[in-house]
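# Report on the structure
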Amino acid sequence: MSLDTVSILDGSTFVVSDRRGDLDATPIDNHGLFLEDTRFLSRWVLTVGGIRPKTLSVDEQAFFKVQFFEAITTGTVYVDSHLSLLRRRCVTGGFEELIEIENHAKEPVDLEVKLAVGSDFADLFEVKDKLAKVGELYSNVTDGALTLGYRRNTFVRETIIKCDKKGEISGEGFLFKVRIGPQSSWSVTFDVEARGRRADIEDVESPRKTGLLQQQGHGRGLDEWLAAAPRLVASWEPLHKIYRRSLVDLAALRFEVGIAPGALPAAGLPWFMAVFGRDSLLTSFQSLAFAPELSAATLRALAVLQARTNDPFRDAEPGKILHEIRLGEMTAFEDRPQSPYYGAADSTMLFLILLEEYDRWTGDHALARELEREARAAINWIDEYGDRDKDGYVEYERRDPKTGLDNQCWKDSWDSIAFADGTLAPTPRATCELQGYVYDAKHRMVRIARDIWGDAALADKLDREAEELKERFNRDFWIPDRGFFALALDGQKRKVDSLTSNIGHLLWSGIADSDKADLCVKHLMSDDLFSGWGIRTMASSEGSYNPIGYHVGTVWPHDSSFIAWGLRRYGYRAEAARICRAILEAADLFDGRLPEAFGGYPRSKTGYPVEYPTACSPQAWATGAPLLVLRTLLGLDSDGKHLIVDPAIPQPLGRIELLSIPGCWGRMDAFGRAIGASDE
Amino acid sequence: MANEGSEQAGGHQWPGRTAPGLAGLYGRMRIIVAGKPVGTLVVEGIYVALVPDIYGPADATAICADDETMRKLLRGELNPFIASMQRMARLAGDRGFGTRVILGLQVESPFKGDSGKGDLP
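Basis of the calculations
- Residues numbered from 1 in each chain as written.
- Chains lettered and ligands numbered in written order.
- Predicted model: local features only at pLDDT ≥ 70, side-chain atom pairs only at ≥ 80, totals over all residues.
- Helix = DSSP H or I, 4+ residues; strand = E, 2+ residues; numbered from the N terminus.
- Rg over C-alpha atoms; globule rule 2.2 N^0.38 Å.
- Contact = placed C-beta atoms within 7 Å.
- Core = buried A, V, L, I, M, F, W, Y, C linked by C-beta atoms within 7 Å.
- Buried ≥ 20, exposed ≤ 12 C-beta atoms within 10 Å, placed from the backbone.
- Domains from an automatic or database assignment.
- Expected span 1.5 Å × (residues − 1).
- Bend = angle between axes of the 7 residues up to and from the residue.
- Axes fitted to C-alpha atoms, helices over the stretch in contact; angles between N-to-C directions.
- Left-handed = near helix turned anticlockwise from the far one by under 90°.
- Nonpolar A, V, L, I, M, F, W, Y, C, P; charged D, E, K, R; others polar.
- Pairing = 2+ DSSP bridges.
- Parallel < 35°, antiparallel > 145°, perpendicular 65-115°, else oblique.

### Description of the overall build of chain A
Looking only at helices and strands, one finds 17 helices and 29 strands in chain A. Taken over C-alpha atoms, the radius of gyration comes to 26 Å for chain A, in line with the 26 Å a tight globule of 680 residues would show. Dimensions along the principal axes, computed over C-alpha positions, put chain A at roughly 85 × 65 × 50 Å. Across chain A, the fraction of contacts at a sequence separation of at least 24, relative to all contacts at a separation of at least 6, is 63%.

Shown next as structure tokens:
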């Protein structure tokens, strides 16, 4: 997210403006009011007396509201401005905005206050490309309200703008000719309503709230959310800021999809405020010890949307868990497959992994019973469809070469799966972490099948299959002369021999044999992979390495957090603590909010984590990273009845207390301190 | 797909059809076409029937723009998300149940062979 923009949001509705509060969209400046992956407002530019106000300060009060303080000035330092301006904006299924102008002079002033408005109704996919619209844009003024609309057959989207002051209204905006007395003020309030695909139904089922009601509801919701989370007491002061930032950002990213109770985490602001299977599942896993209700909502929603049919355009097969849903025009007319798109080879296993983790952590066995049918379908997908060529490994290859994703693992950029010399691996690709997830999912489902579903035969079968996979994997993926697991097997079953962070996920899943794990740990903690701020996605020794390459050298905080969790699983407590400390120190330097990714430059060279230019922030699994790090540092786990606490905290972090942790035990506290740290 | 019956709690036969994709689902979905209620889809596990009831309780409502849209949805031939985005069909009420029903009908819908007669209004 650019530092030049200000974003506020509520669920999938969000507003991205410049620091004046204006929306002035260009292919470079992606400003706008967005809902359902459509830009409902691309222009919202305020001038007073022909001048665009100058920003004095921006007060981002909460994730859903912001205030801009401005002066109307000619820019010269020799003339004081006598006019100041306040813009107060709150997201409300669109937004409400108060504009207040104060005249500080002893004389009255006559002003033309103009608000230029417009909408291109661009699909999020076309925002950057400025594609020509197929349908018709229109506008009309009725009863003091300006309607901007777009129609393509039955696809209709509208933005309705009303205000509480009489002025001149046209298709281009609003003009007010006002006289403000000495030391007086004038104000106008705008109500902008974005009417999406379900507007008429929502008018009846959940009428739009006024700004004040919305603010009260949001404020209460956030307070309750924060109060329900465990309380942190830490001797390393920045940890409080990082923890609170994570909780607040996670609250902001929650949204209700309407097909299952509760709210699940969207993937990230601004371009990923949508249901993403992998992102929602991993974020829910990271935050399970803090907000277990996110896991339940995620699992239920993804179960409803589980694929039922075989659909090459959408990369769907029965039992598969989705990758992404989009609701914009290009999806509606099938130029894009996200309705939903199922091109993720890992989300189905992650669904099973989260289901078991949730069951064991919370003791809420009802959910595993409720989702038994979907979980069985997911298990069936792994061997029936995930293993495309029946070689015993899950692999992926897009079935629609025009619209499908080339890479369907978490490193989904085009160049992420390459040999050590930089050559791209041909598809189908069986990446190593996918096999780890299969092992973990089957291993976890043994308990669910036996204890919750009462199906001992299935439990035995899964147990046997998991152990066979582990043996096979440790034989087929191991690269003896380099001492680590191959990134993938390519389409010709060759080992893709790059050293990458993916080997850390094998520790999280438990598929690596202990002796091989030991060698992998040495690689993970080497200068080639560990930058000092986290684990690089690709080692600096490899042909494709680029410290600002999206998946070929940057550090992703979520990736490092899962690797640290995996190190704990194999008993590498000090190494896990070292990575956790690095992530938290990076978070501190990002003012508490970790971005999706940052540069892989060595810490010894930069002294601070270098920003990645287009990283999402807040992004869900980056937001969840400090939470999983806390869980790792305190060694928090559940045996299905009790909270297990086994801390391993590095010296600089001192003492950590996490109080009132929810789980199957009710609420419990956990304490840990570094060896040698004082109790203070 | 042959019509089959299921035993109801009262002991009498109920003329549902087999819909394997609806396994585990129970509930009623009202169907509205062009603003007019035309019937209710009654789902009982893997059995489903379209009945002319337009007043009884319903868990969800499928609002269809026209007759053709309704038929495509029942036959499992229309992606419900596409239909919703294009405002051809939308769900009200318990959208989770409604979505499960419509997606479930994509799996061997018993209405697939209907030529516009039979259960369909």
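From this point, the discussion proceeds with the structure in view.
### A few points about the overall build of chain B
When you go through chain B residue by residue, the secondary structure sums to three helices and eight strands. Counting helices and strands in the order they occur from the N terminus, chain B gives β-β-β-β-β-β-β-α-α-β-α.

### Examining the nonpolar core
By size, the foremost hydrophobic cluster in this structure holds 200 residues, and its most contacted members are Phe351(A), Leu352(A) and Cys520(A). Shared between two domains, this core holds at least three residues of each, these being domain 1 (5-215) and domain 2 (229-673) of chain A. In this view, Phe351(A) contacts Leu281(A), Leu299(A), Leu302(A), Ile321(A) and Ala378(A); residues no more than four positions away in its chain are not counted. Listed in part, the 30 residues of the second largest apolar core include Leu22(B), Val33(B), Val43(B) and Ala89(B).

### Quick word on helix α9 (residues 372-386) of chain A
Residues separated by three or four positions in an α-helix point in the same direction, a consequence of the helix having 3.6 residues per turn. All names here are of chain A. The terminal C-alpha atoms of α9 lie 20 Å apart, and with 15 residues this matches the ideal 21 Å at 1.5 Å per residue to within 8%. At Asn380, α9 shows its strongest bend, of approximately 30°. Among the residues making up α9, those that are buried are Glu374, Ala375, Ala377, Ala378, Ile379, Trp381, Ile382 and Gly386. Packing partners of the buried residues in α9 comprise α5 (292-304), α7 (347-362) and α10 (432-452).

### Notes on the packing of helix α3 (residues 238-253) of chain A against helix α17 (residues 620-634) of chain A
Residues and elements named next belong to chain A. In the contact formed by α3 and α17, the axes pass within 9 Å of each other and the chain directions differ by 145°. At the point where α3 passes α17, the crossing takes the left-handed sense. Taken together, the residues of α17 that come into contact with α3 (itself represented by Ile242, Tyr243, Ser246, Asp249, Leu250 and Leu253) are Ala620, Thr623, Gly624, Pro626 and Leu627. Its residues placed into classes, the contact of α3 with α17 shows seven nonpolar, three polar and one charged.

### Focus: the interface of chain B and chain A
In many analyses, interface size is given as the accessible surface area lost on bringing the parts together. Counting residues at the interface gives 22 residues for chain B, matched by 21 residues for chain A. Among the elements that take part in the side of chain B that touches chain A, helix α3 (residues 95-104) of chain B stands out by supplying six residues, more than any other. Residue classes in the side of chain B that touches chain A are distributed as nine nonpolar, nine polar and four charged.

### Notes on the sheet that holds strand β7 (residues 54-62) of chain A
All names here are of chain A. On the basis of which strands lie adjacent, the open sheet formed by eight strands has the order β7-β8-β9-β10-β17-β14-β13-β12 and antiparallel pairing. The open sheet has two edge strands, β7 and β12 (136-142), and neither has a second partner. Each strand axis lies, on average, 15° off the axis of its neighbour in the sheet, ignoring direction. Alignment of strand β8 (residues 65-71) against strand β9 (residues 83-91), held across seven bridges, turns out to be antiparallel. The partner of Glu70 across the bridge, within β9, is Leu85.

### As for the packing of helix α12 (residues 502-509) of chain A against helix α13 (residues 514-524) of chain A
All names here are of chain A. The interhelical angle for the contact between α12 and α13, taken along N-to-C directions, is 135°, at an axis separation of 10 Å. As judged from the angle between their axes, α12 and α13 are oblique. Crossing angle aside, the handedness with which α12 passes α13 is left-handed. Between α12 and α13, the residues in contact are Ile503, Gly504, Leu506 and Leu507 and Ala517, Cys520, His523 and Leu524, respectively.

### A word on the domain arrangement of chain A
Residue and element names in this part refer to chain A. The domain architecture assigned to chain A consists of domain 1 (5-215) and domain 2 (229-673). Taking only C-alpha atoms into account, the centre of domain 1 sits 39 Å from that of domain 2. Each partner contributes residues to the interface: domain 1 has 17 residues there, and domain 2 has 17 residues. Among the elements of the structure, β1 (5-10) and β2 (13-18) are those that each provide at least two residues to the side of domain 1 that touches domain 2. The residue makeup of the side of domain 1 that touches domain 2, split by class, is seven nonpolar, four polar and six charged.

### Thoughts on helix α14 (residues 557-569) of chain A
All names here are of chain A. Helix length check: α14, at 13 residues, gives a terminal C-alpha distance of 19 Å against a target of 18 Å (1.5 Å per residue), a fit within 8%. When you tally the buried positions in α14, you get 12 out of 13 residues, the bulk of the element. All of the buried residues along α14 are Pro557, His558, Asp559, Ser560, Ser561, Phe562, Ile563, Ala564, Trp565, Gly566, Leu567 and Arg568. Tucked inside the fold, the buried residues of α14 contact α4 (277-286), α12, α13, α15 (573-589) and α17. Once α14 ends, the next one or two residues include Gly571, with phi positive near 90°.

### Notes on the pairing of β7(A)
Residues and elements named next belong to chain A. Here β7 pairs with β8 via six bridges, running antiparallel. Looking across to β8, one finds that Asp59 is bridged to Gln67. Counting the residues in the hairpin turn of β7 and β8 gives two residues.

### Details of the environment of Pro318(A)
Residues and elements named next belong to chain A. Assignment of secondary structure puts Pro318 in the loop between α5 and α6 (329-332). It is 41 Å that separates the C-alpha atoms of Pro318 and Glu575, two residues lying 257 residues apart in sequence. The residues contacting Pro318, other than those within four sequence positions of it, are Ala307, Arg308, Thr309, Asn310, Ala377 and Trp381.

### Points about unusual backbone geometry
Residue Pro340(A) is bonded to the preceding Ser339(A) through a cis peptide linkage, with omega at -10°. Of note, Pro340(A) is situated in the loop between α6 and α7. Of note, the amide linkage connecting Thr427(A) to Pro428(A) takes the cis form, showing an omega dihedral of -5°. Along the chain, Pro428(A) falls in the loop between α9 and β21 (430-431). Despite not being glycine, Asp143(A) has its phi angle at roughly 50°, a positive value. Structurally, Asp143(A) can be placed in the loop between β12 and β13 (145-152). The backbone of Ala34(B) shows a phi angle near 50°, a positive value even though the residue is not glycine. Considering the arrangement of structural elements, one finds Ala34(B) in the loop between β4 (26-33) and β5 (36-44). Ala34(B) sits in the exposed class, given 12 other C-beta atoms within 10 Å.

### Side note on the environment of Ile479(A)
Residue and element names in this part refer to chain A. As for its position among the elements, Ile479 is in strand β22 (residues 478-479). Ile479 gets classed as partly exposed once you count the C-beta atoms within 10 Å, which come to 15. As for Ile479 and Met445, which are separated by 34 residues in sequence, their C-alpha atoms are 30 Å apart. Setting aside anything within four residues of it in sequence, one finds Ile479 in contact with Phe484, Ala486, Lys495 and Asp497.

### Describing the environment of Pro340(A)
A residue is classified by how many C-beta atoms lie within 10 Å of it, and Pro340(A), with 25 of them, is buried. Each C-alpha atom of the pair Pro340(A) and Leu322(A) lies 6.6 Å from the other, and the pair is 18 residues apart in sequence.

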